[in-house]
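The primary structure of each chain is shown beneath.
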Amino acid sequence: MNRAFNRKKDKSWMHTPDALAKHYIAYNAKFLGNTEVEAPKGTEVVKDAVRKLKFQRHIKKSEGQKIPKVELQISIYGVKILDPKTKDVQHNCQLHRISFCADDKTDKRIFTFICKDSESNKHLCYVFDSEKCAEEITLTIGQAFDLAYKKFLESGGKDVETRKQIGSLQKRIQELEAENSELKKQLQDLEEQLMMAHVPPAGSISMKPQSTDIFDMVPFSPVTPLVPTLASNGCPPPPPTTLPPDDISE
């Protein structure tokens, strides 16, 4: 990694090795965004990116939009950019993909790093604003690189492949979580559509089915008794005539 800051060789790092190797160091900062750059390193490269993103933020600020706050988690495996409240990972920049890191000497609040995107293979410059910790964050990323390189030498290069496998698994987990969220949303929409389909429209009258006799299934009113109907002369109708069976001759 190239760094656009000077550190004395006899100056000790500010964090213990275990803090970055077994855990991570967290910082809060404002995230101006990221933008594609033509080269993987260079002070002028990041300066152009900073000017571009500052201009974009100035326009958004005039529209009433605030600069989003993020949490940075720095370790020997990379830099994670998270939502400080939900802890959702917005970007996961693996350390072996970061090619340049710098704090701005003209603006002490600004620090940047360039990372090669795992999907597009484009170089993206990430720009942050930290009122008090810009240089410290840059030094912490530098220490993470120093420790990762030592670990690489001790492992004979095997650790890099392990990190790549871990990175691929983390990416797949994020993809599955996104697919799961989308499926949940589709299921919720489907349930809402089914509920709307079963609700009768406003003002409609619900008709109850007429009672039926369980024996002959002929509709009848359960309130009105079954009384023989009188003929026109006032006498009850004669009983139905039964025809005798035909004689069968042999």
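The residue numbering used here restarts from 1 in each chain and proceeds along that chain's sequence as written. Totals for whole chains, interfaces and linings use every residue, but because this is a predicted model, local features are given only for residues with pLDDT of at least 70 and side-chain atom pairs only at 80 or more, for both listing and counting. Each side-chain value is worked out from all heavy atoms of the structure, with water and hydrogens disregarded.

A.B. asks: Even after reading the chapter, I still don't get the nonpolar core, so can you show me in this structure?
C.D. replies: Across soluble globular proteins, nonpolar side chains have a tendency to be buried as a group. Counting residues in hydrophobic clusters, the biggest one holds 29 residues, and the most contacted among them are Leu 72, Ile 74, Ile 98, Phe 113, Tyr 126, Phe 128 and Ile 141. Helix and strand definitions here come from DSSP, where helices need a minimum of 4 consecutive H or I residues and strands a minimum of 2 consecutive E residues; each element is numbered from the N-terminal end. Listed by contribution, the elements that provide at least two residues to this core are α1 (17-21), β2 (25-37), β3 (69-75), β4 (78-82), β6 (98-103), β7 (110-116), β8 (123-129) and α3 (134-155). Here this core gets seven residues from one element, more than from any other, and that element is α3. Contacts: residue pairs with any heavy atoms within 4.5 Å of one another. The contact partners of Ile 98, leaving out residues within four places of it in the chain, are Val 79, Cys 93, Phe 113, Ile 114, Cys 115 and Phe 145. Judged by nonpolar contacts, the second largest core, of 13 residues, contains Ala 49, Ile 114, Cys 125 and Val 127. Working definition of a nonpolar core: buried Ala, Val, Leu, Ile, Met, Phe, Trp, Tyr and Cys residues. They are joined through side-chain atoms within 4.5 Å. A 1.4 Å probe rolled over the protein chains alone gives each residue an accessible area, and that area as a share of the maximum for its type sets the label: buried under 20%, exposed over 50%, partly exposed in between.

A.B. asks: Looking at this model, I keep getting lost on the pairing of β3. Mind explaining?
C.D. replies: Consecutive side chains along a regular strand alternate between the two faces of the sheet. Judged by how many residues are buried, β3 sits mostly within the fold: six of seven residues are covered. At least two bridges found by DSSP between two strands is the condition for calling them paired. Pairing of β2 with β3 involves six bridges; the strand directions are antiparallel. Bridge assignment links Ile 25 to a residue of β3, and that residue is Ile 74. Two strands pair when backbone bridges link them, and β3 and β4 are joined in this way by five bridges, in the antiparallel orientation.

A.B. asks: I keep staring at the side chain of Gln 143 and nothing clicks. Help me out?
C.D. replies: Turning to its location among the elements, Gln 143 is positioned in helix α3. The exposure class assigned to Gln 143 is buried, which follows from its relative accessible area of 1%. At 2.5 Å, the side chain of Gln 143 and the backbone oxygen of His 15 are in polar contact. Those residues in contact with Gln 143 that lie beyond four places of it in its chain are Trp 13, Met 14, His 15, Thr 16 and Leu 20. By the criterion applied in these results, polar contacts are pairs of N or O atoms within 3.5 Å in which, for protein atoms, one can donate a hydrogen and the other can accept it, and in which residues neighboring in sequence qualify only through two side-chain atoms.

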